[in-house]
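Chain residues, written in single-letter form:
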Amino acid sequence: MTAPSHYAGCTLATVLKTAPLEPLENRILLCHALRLTRVQLITQSERRLDVAEADALAALLARRLQGEPIAYIVGLREFYGLDFRVTPDVLIPRPDTELLVELAMERLPQQGSLLDMGTGSGAIAVAIAHTRPDASVTALDASAAALEVARGNALAHRASVTLLLSDWYQALSAGQTFDVIASNPPYIVAGDHHLSQGDLRFEPVDALTDHADGLSDLRSIIDGAPAHLKRSGWLLMEHGYDQAAAVRALLAGSGFAEVQSWRDLAGIERVSGARLP
């Protein structure tokens, strides 16, 4: 299936009805191509596209029909009520991860400190820093390109976040501790068929899989956490739909207390965590 070559001369209303994607995606790409708001799209429904506008829309439709995620095409994704710039250097923020944000903020004391490990677009760190300006938020990532995206998102939302280029805890100073450590690390098992399907085909593979059993990065985070958590501090990690029991076992085996998992809106155990005794 290919995108129509052009829509020159067609009204916006006609394009919305005849474009080849789902109605919501047609609307998003039409708004993006013409730099219109959703309200303007409605109020200008009889406006006709000129040749340049039609060509711009056709190019966007073609990219989507090739499978490229909408978020990368328009360069934005909403997360926790905020618009985040996204590029192919970072994962696309997903609603499931908002659970991790909520859990982290519930356990973050006033004037507390939080570390976001593997921040990517900065979605977790920026959402927390924006909502809790009293908190001291640090975010790290092993990708310099990802950190540039996160830096831009922090600036856009006037969120105070300290950003570090780091392979997990490597760049932290000895004795540097936090009230909460939160992470959405790579947890897909190497060779998982999902990596070659849907949006995941276009996302940075190193942010999706540990190229091993899906638990190696989670192990590294758990192993290093006691040295960087304050007494009674919390470690919270997002993981795969079938990994909760394994992550709880790793936490318990490392001496953590109050080991538990929390379910997302779909009822899936999506986040596991525990408190340092």
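Residues numbered from 1 in each chain as written. Predicted model: local features only at pLDDT ≥ 70, side-chain atom pairs only at ≥ 80, totals over all residues. Heavy atoms only, no water.

## Structural notes on helix H2 (residues 23-34)
- For H2, with twelve residues, the first-to-last C-alpha span of 16 Å sits near the 16 Å given by 1.5 Å per residue.
- Of the residues making up H2, those classed as buried are Glu25, Asn26, Leu29, Leu30, Cys31 and Leu34.
- Looking at the buried residues of H2, the elements they touch are helix H1 (12-18), helix H3 (38-43), helix H4 (51-65) and helix H5 (70-74).
- Just downstream of H2, Arg35 is the residue with a positive phi angle, here 55°. (Helix = DSSP H or I, 4+ residues; strand = E, 2+ residues; numbered from the N terminus. Expected span 1.5 Å × (residues − 1). Buried < 20%, exposed > 50% of the residue type's maximum accessible area, 1.4 Å probe, protein only. Contact = heavy atoms within 4.5 Å.)

## A closer look at the packing of helix H9 (residues 216-224) against helix H10 (residues 244-253)
- For the pair H9 and H10, interaxial distance at closest approach is 10 Å and the crossing angle is 25°. If you check the angle between H9 and H10, you find them roughly parallel. Crossing hand, H9 versus H10: right-handed. For the pair H9 and H10, the contacting residues are Leu218, Arg219 and Ile222 in the first and Val247, Leu250 and Leu251 in the second. (Axes fitted to C-alpha atoms, helices over the stretch in contact; angles between N-to-C directions. Parallel < 35°, antiparallel > 145°, perpendicular 65-115°, else oblique. Left-handed = near helix turned anticlockwise from the far one by under 90°.)

## Let's talk about unusual backbone geometry
- Even without glycine at this site, Gln111 takes up a positive phi of about 60°.
- Position of Gln111 among the secondary structure elements: in the loop between helix H6 (98-106) and strand S3 (113-117).
- Judged by relative accessible area, Gln111 falls into the exposed class, the value being 62%.
- Phi angles above zero are rare outside glycine, and Arg158 is one such case at about 50°.

## So, the packing of aromatic side chains
- Here the structure, examined in full by the defined rule, presents three aromatic pairs.
- Relative to Tyr80, the ring of Phe79 has its centre 6.5 Å away and its plane inclined at 40°; by these criteria the two rings are tilted.
- Three or more aromatic residues link up through ring pairs in this structure, and these residues are Phe79, Tyr80 and Phe84.
- Its guanidinium or amino end placed over the ring of Trp234, Arg107 lies 4.8 Å from that ring's centre, counting from NZ or CZ. (Phe/Tyr/Trp six-rings, centres within 6.5 Å; stacked < 30°, edge-to-face > 60°. Lys NZ or Arg CZ within 6 Å of the ring centre and 35° of its normal.)

## Brief notes about the state of the cysteines
- Applying the stated criterion to the full structure yields zero disulfides.
- No disulfide involves Cys31; its nearest neighbouring cysteine sulfur is the one of Cys10, lying 17 Å away. (Disulfide = S-S within 2.5 Å.)

## Quick notes on the side chain of Thr97
- The residue Thr97 is located in the loop between strand S2 (82-85) and H6 in this model.
- Filtering out sequence-adjacent residues up to four positions away, Thr97 remains in contact with Phe79, Ile124, Asn184 and Glu238.

## Observations concerning the nonpolar core
- Of all hydrophobic cores here, the largest spans 33 residues; its most connected members are Ile128, Val137, Val161 and Leu236.
- For this core, the secondary-structure elements that each account for two or more residues are S2, H6, helix H7 (123-131), strand S4 (136-141), helix H8 (144-156), strand S5 (161-165), strand S6 (178-183) and strand S7 (229-238).
- Of the residues forming this core, the biggest block, seven residues, is contributed by H7.
- Not counting residues up to four positions away in its chain, the partners in contact with Leu236 are Leu100, Leu103, Ala104, Arg107, Val180, Ile181, Ala182, Ser183, Trp262, Val271, Ser272 and Gly273. (Core = buried A, V, L, I, M, F, W, Y, C linked by side-chain atoms within 4.5 Å.)

## Remarks on the pattern of salt bridges
- This model, assessed by the stated rule, comprises 14 salt bridges.
- Arg151 is the salt-bridge partner of Glu148, the closest N and O atoms lying 2.4 Å from each other. With Glu148 and Arg151 both in helix H8 and three residues apart, this pair spans about one turn of that helix.
- Classification of Arg151 as partly exposed rests on a relative accessible area of 33%.
- One network of salt bridges, with partners in common, ties together Glu25, Arg64 and Asp199. (Salt bridge = Lys/Arg side-chain N within 4 Å of Asp/Glu carboxyl O.)

None of the figures reported here should be taken as evidence of function without further support.
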